[in-house]
There are 2 protein chains.
Amino acid sequence: MSTTSESPQRNTRQRRAVAAIMADLEGFASAQQIHDILKQRGESVGLSTVYRNLQALADADLLDALRNDDGETLYRRCSSGHHHHLVCRQCGRTVEVEGPTVERWADAVADDHGFRDVEHTLEIFGTCGDCAS
Amino acid sequence: MSTTSESPQRNTRQRRAVAAIMADLEGFASAQQIHDILKQRGESVGLSTVYRNLQALADADLLDALRNDDGETLYRRCSSGHHHHLVCRQCGRTVEVEGPTVERWADAVADDHGFRDVEHTLEIFGTCGDCAS
DNA sequence: ACTACTCTCGGAAACGATTGTCAAATCCGT
DNA sequence: ACGGATTTGACAATCGTTTCCGAGAGTAGT
Ligand SMILES: [Zn+2]
Ligand SMILES: [Zn+2]
Ligand SMILES: [Zn+2]
Ligand SMILES: [Zn+2]
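Report follows, based on the coordinates.

Procedures and definitions
- Residues numbered from 1 in each chain as written.
- Chains lettered and ligands numbered in written order.
- Predicted model: local features only at pLDDT ≥ 70, side-chain atom pairs only at ≥ 80, totals over all residues.
- Heavy atoms only, no water.
- Donors = N, O, S within 2.8 Å, 3.2 Å for Na, K, Ca; no water.
- Helix = DSSP H or I, 4+ residues; strand = E, 2+ residues; numbered from the N terminus.
- Buried < 20%, exposed > 50% of the residue type's maximum accessible area, 1.4 Å probe, protein only.
- Least-squares fit on C-alpha atoms with pLDDT ≥ 70 in both.
- Contact = heavy atoms within 4.5 Å.
- Buried area = accessible area lost by both parts, 1.4 Å probe.
- Salt bridge = Lys/Arg side-chain N within 4 Å of Asp/Glu carboxyl O.
- Polar contact = N/O pair within 3.5 Å; in protein donor to acceptor, adjacent residues only side chain to side chain.
- Nonpolar A, V, L, I, M, F, W, Y, C, P; charged D, E, K, R; others polar.
- Pairing = 2+ DSSP bridges.

This part covers the coordination of the zinc ion (ligand 2). Residues and elements named next belong to chain A. With distances of 1.9 to 2.4 Å, the protein atoms coordinating the zinc ion (ligand 2) are His82 (NE2), His84 (NE2), Glu103 (OE), Glu103 (OE) and His120 (NE2). Here the donor residues of the zinc ion (ligand 2) are spaced in sequence according to H-x1-H-x18-E-x16-H. One end of the pair, His84, is in strand S4 (residues 84–88); the other, His120, is in strand S6 (residues 116–127), with 36 residues separating them in the sequence. Assessed through its relative accessible area of 3%, His84 is described here as buried.

The structure is reproduced here in structure tokens:
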């Protein structure tokens with residue numbers, strides 16, 4: 001019944017290495033940063049491969065992706081379901097947050113103006129307590 | 001009283017041309033699109049100049065800027081004060097929206113987690129009534 | 001109007017994140 | 001272990017945006 005004929009997903013050393021990094025990582029990080037971390041750990045993986053695997057993981061909803069002000073895409077492991085992020089500008093520490101009120105408000109506003117197929121983006125940035133010293 | 005010692009802002013043909021386009025434009029548009037429009041109108045302006053002037057206008061809070069999924073920066077004239085956008089994916093038609101509830105929620109969430117200097121981004125995307133036919 | 005001093009313009013080159021290419025390496029079912 | 005399909009990775013290409021820098025234009029003062 002499933003209409004999804006996704007790619008086969010082989011279990012390669014590189015795929016495991018990227019997944020392992022993301023499992024540990026606390027905040028959001030760019031593909032290049034992850035590539036650097038891998039190099040430092042000796043588990044070297046080609047840059048293109050890092051990009052490809054991060055995208056695959058994000059497509060499978062195993063990672064959240066967001067773009068920073070510099071236009072870089074940042075990745076982080078995420079829980080399932082719709083949620084947003086409170087991110088520290090300094091250290092990248094991230095808290096997943098939910099807001100049913102906001103969800104309803106966004107849908108209502110869109111509906112009021114006759115918009116359909118609505119979705120939204122919402123991120124909160126700030127300086128976390130630890131970094132405010 | 002004003003502490004702003006900003007750049008002198010000369011009144012050039014190019015600056016006027018870009019400002020004129022933005023005054024008319026309904027939805028969000030990219031720098032390159034605006035460059036094309038100018039070319040079509042005969043008021044040709046160098047691409048770098050279009051970029052520079054759009055940034056200047058955005059810095060002066062005369063334009064809103066947002067990034068689309070392709071990583072392009074889109075510009076549109078905006079009213080002053082904090083607000084968000086409801087944007088049609090098809091035609092770019094945009095409605096400025098405000099939500100005091102959302103503002104309070106975002107600040108409260110950040111405060112709960114000890115974050116300071118908080119700001120947020122929020123955009124709503126959908127298909128407008130006209131385009132849903 | 002003329003000059004001098006800047007600011008601004010614009011075309012080309014530089015940039016940087018991401019994607020495409022494609023031969024070689026690796027998986028994995030048999 | 002074999003063989004076909006997938007994945008990798010070094011490199012080139014793409015594309016929006018920024019920077020460079022010599023030429024051009026706005027502006028204040030005369
Ligand atoms: Zn922090
Ligand atoms: Zn939401
Ligand atoms: Zn529309
Ligand atoms: Zn807001």
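Resuming the write-up.
Looking now at the relation of the copies chain A and chain B. Superposing chain A onto chain B takes a rotation of 180 degrees plus a shift of 0.0 Å along the axis, which leaves an RMSD of 0.1 Å. In short, the pair behaves as if placed about a two-fold rotation axis. Considering only C-alpha atoms, the residue of chain A closest to the rotation axis is A:Leu122, which sits at 2.2 Å. Most of the interface of chain A is mirrored in chain B, where 100% of its interface residues again form contacts.

A few words now on the interface of chain A and chain B. Contact with chain A, which involves 36 residues of that partner, is made by 36 residues of chain B. Around 2,900 Å² of area is buried between chain A and chain B when both sides are counted, 66% of it from carbon and sulfur atoms. Counting the contacts that link chain A with chain B gives two salt bridges. Among the salt bridges present, the one from A:Glu119 reaches B:Arg89, with a minimum N-O distance of 3.4 Å. For the pair chain A and chain B, the interface holds 14 residue pairs in polar contact (both at pLDDT 80 or more). The element best represented in the side of chain A that touches chain B is S6(A), accounting for twelve residues. Grouping the amino acids of the side of chain A that touches chain B by side-chain chemistry returns 16 nonpolar, ten polar and ten charged. Here nine bridges tie S6(A) to strand S6 (residues 116–127) of chain B, and the two strands are oriented antiparallel to one another.

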